[in-house]
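Here's the letter readout for the chains.
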Amino acid sequence: MPSALFSGGASPHSRTPLSLQISDRRMAPPIYADGATVEATSVVAAADPAIAPNELVGKGAPAPAISVVSKQTVRPVGLPAIGDLKLSVSDMPMLSCHYIQKGLFFAPPGVPVPSLVSSLVSSLSRALDVFPALAGRLVTLHDDSIVIRCDDAAAVEFHHAAAPSLSLDDFLVPDADVPTTLTNGLFPMDRTVSYKGHGRPLTSFQLTVLGDGAVFVGFVANHAVVDGTSFWHFFNTWAGLCRGAPVREPDFRRNFFGDSTAVLRFPGGAGPAVTFDAEAPLRERIIHFSAAAIRELKAMANRWKRTGQDAEVNGKLTHDSKARGGSGEISSFQSLCAHIWRAVTRARRRLAPDSPATIRMAVNCRHRLRPAISPLYFGNAIQSVATTATVAELASNDLAWAAARIHATVAAHDDGAIRRAAAEWEAAPRCFPLGNPDGAALTMGSSPRFPMYDGNDFGWGRALAVRSGRANKFDGKMSAFPGQAGDGSVDVEVCLAPDTMACLLRDDEFLKYVSSPAP
C-alpha cells in the first residue's frame, strides 16, 4: 500500500503570500495560511480524477463550464496524535460505496476571491487539526484489518474552480430536473470508491465561484470513514472556525463494536466495485414538502382528526424514546417516507402485484445502543433497516397502513437488534449491497435532522441550497434534506428511472402534498 498521499512539503520558514494569481507554469510556489502548509499545483481545467495540465487549456478543446483554477494541498496545523483508527463493523461495509459528495450554494459573499480562498484554506487546516483522521489514509495491516492512519503525511486537496458563464439560476431551476451535467462539476473525486482511500485522500474540497458572484462549497469524504452525522459535524466545524465559533470535539474512541476481530478481505488488493450500475439512465429532482403538508401526512398516518396537534415536523425516524419503547406516534419523517414509498411503487407500472416492494432507511445507532455511545462518535454508526410489502398491499391499503409498517420496523431496531445485526455481519463479512436489483426498492438516505443549513454559516450568511454529486445514485435512491427556511419543511432529492419519474410527476395523489418547487 502507498505510504503517503502526497510528497514532501515546503519549509514553513520561506513564506509566499497567499494569492490566486498563479501564472501559467508547471509549479507555483508553496502557499501558507495561518501556519497551514499549502502547496499549489499548476493551473488546471479538467474534472477529477484526471487533472489536465494547464498547457492543454485552449488548444482546440472547448473550455468546460466549470474549470479548476488551482489545486492546493492542505495539512493540519499540528501533527496528528490519535494514531491508527480501526475501521468498525459499520465502516467496512461502506468500502464499496462512493465517497459522499455534498455541498452548499451561497449568495455572493461580498469578499474578494483571494481573501475568500485564504479564509477557507486557513479554517480548513484548523478543522483538520480537530479531525485529523480526515487527512489520513487507509492502510491494510498484516492481519487484513483496515485502519485510518493519521501521521505526518496527513493532507487533503482543496480546489478553487471558476464558472464565469454560469449563475445560480442555472443550478437552482424551479419545477425542473437537477442539471446534473453542471452539478457534477462542483465536486472533485467523482465516483471514487471508498476502498481507493488506500492511495487517495480521504477528503477533498472545492470552492466554485459562479459568474454572478455566488459560490458553492463542496465537500467529498470517504464513506468508510464517516457517516452523515460525522460528515456534517466536520462541515459545521469548518464553517464555525471560519467565523470564530467554538468547536465540538469529535469522539475518536472505537467503542462501536471496536473489539470485533472480523475483517473484510480483498484478495490481491484490487478492492471492491460499487454494487449497482452507475451508468444506468436517471432523472433527478428536488421535491419540496412544506411543514403544513408534512403535518397533514402525519395526521393521516396517525389517523388523527385535523386538530393541529402535531408539533414535531422535522424528525428522521421518530422521537428516540418512543422508538426505543416500540410505541408512540408515527413520526413526520416516517409519514413522508410512506407517502413516497406508495407513490413510487404506483409509478413503477411494470411491477407485478405480488412483487415485494422494499424501502430501506439508515438508522443512527449512537443513541440506541446500551450503553449509548457519544452523539459525536466519529465514523459510521449506522445500520440499514428494511420494510417490505407487496405491490398489491401498498395499493390496497392507505397511508396509515404503510406508515405503521415503517414505524414498526424502526421502533424494533433497539440495542438487541443492533447487536444481532453486527453479529450477523461478523459471521459473514461483506460489502453493503447498495442498489435496486429487483427494480422495486427505495433507499432513503441522509436526514432532515442533519444541520445542513444551521451551523454552516462561513460568515457570509445562511446557505441557499444543498446539492450533491453523482455518488451512490441509482433508481430509487432518495436523500432527505431540511428545508432551507428552517421551518420544518423537507426537500427530498429523488433519483428514478426516467419512465418512473414521468409517472410520478403525473400522480395527482402524490402531487397533492408537494409544495411550491424547491429552488
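The preceding data block contains the structure.
What comes next concerns the included structure. (Residues numbered from 1 in each chain as written. Predicted model: local features only at pLDDT ≥ 70, side-chain atom pairs only at ≥ 80, totals over all residues. Heavy atoms only, no water.)

### Here's the deal with the pairing of strand E13 (residues 382-390)
Selection rule: Exposed residues in this analysis have more than 50% of their type's maximum accessible area, buried residues have under 20%, and partly exposed residues fall in between, with area computed by a 1.4 Å probe over protein chains only. Note on conventions: DSSP H or I runs of at least 4 residues are helices, E runs of at least 2 residues are strands, and numbering of each starts at the N terminus. By definition, two strands form a pair when at least two bridges between them are found by DSSP.
Of the two faces of E13, only one is covered, namely that formed by Gln-383, Val-385, Thr-387 and Ala-389; the face formed by Ile-382, Ser-384, Ala-386, Thr-388 and Thr-390 stays uncovered. Bridge count between strand E12 (residues 356-364) and E13: nine bridges; the pairing is antiparallel. Bridged to Asn-364 within E13 is Ile-382.

### So, the pairing of strand E6 (residues 137-140)
Taken together, the four bridges between E6 and strand E7 (residues 146-149) define a ladder with antiparallel strand orientation. When the sheet's bridge partners are listed, Arg-137 is paired in E7 with Arg-149. Hairpin connection of E6 to E7: five residues between the antiparallel strands, including Asp-144 at a positive phi of 75 degrees.

### Focus on the packing of helix H7 (residues 332-347) against helix H9 (residues 399-411)
Put simply, the rule is: Between N-to-C directions, angles span 0 to 180 degrees; the directions come from axes that are lines fitted to C-alpha atoms, helices contributing only their stretch in contact. Any angle that is under 35 degrees is reported as roughly parallel, and any over 145 degrees as roughly antiparallel; angles of 65 to 115 degrees are reported as roughly perpendicular and all others as oblique. Each helix crossing is assigned a hand: it is left-handed if the near helix lies turned anticlockwise from the far helix by less than a right angle, otherwise right-handed if that turn is clockwise. The contact criterion used throughout is that any non-hydrogen atoms of two residues lie within 4.5 Å.
Contact geometry of H7 with H9 gives a least axis separation of 8 Å together with a crossing angle of 120 degrees. Classed by the angle they form, the pair H7 and H9 counts as oblique. Classified by chirality, the crossing of H9 by H7 is right-handed. In this structure, H7 uses Gln-334, Ser-335, Cys-337, Ala-338, His-339, Trp-341 and Arg-342 to contact H9, whose residues at the interface are Leu-399, Ala-402, Ala-403, Ile-406, His-407 and Val-410.

### Concerning the sheet that holds strand E16 (residues 477-482)
Hydrogen bonding along the main chain pairs the strands of a sheet, whether they run parallel or antiparallel. Judged by pairing direction, the sheet is mixed, and its six strands sit side by side in the order E11-E17-E16-E14-E12-E13 without closing on themselves. Pairing within the sheet leaves two strands with one partner each, and these edge strands are strand E11 (283-289) and E13. Ignoring which end each strand starts from, the neighbouring axes of this sheet average 20 degrees apart. Strand direction decides the pairing type here: strand E14 (residues 441-446) and E16, joined by four bridges, are parallel. Each bridged residue has a counterpart across the sheet, and for Ser-446 the counterpart in E16 is Ala-480.

### Quick notes on the pattern of salt bridges
Using the following cut-off: Each salt bridge in this description consists of a side-chain nitrogen of Lys or Arg and a carboxyl oxygen of Asp or Glu lying within 4 Å of one another.
Counted under the stated rule, the structure contains 22 salt bridges. Asp-251 is the partner of Arg-253 in a salt bridge, and the nearest nitrogen-oxygen pair spans 2.7 Å. With its nearest N and O atoms 2.9 Å apart, the salt bridge here joins Asp-454 to Arg-462.

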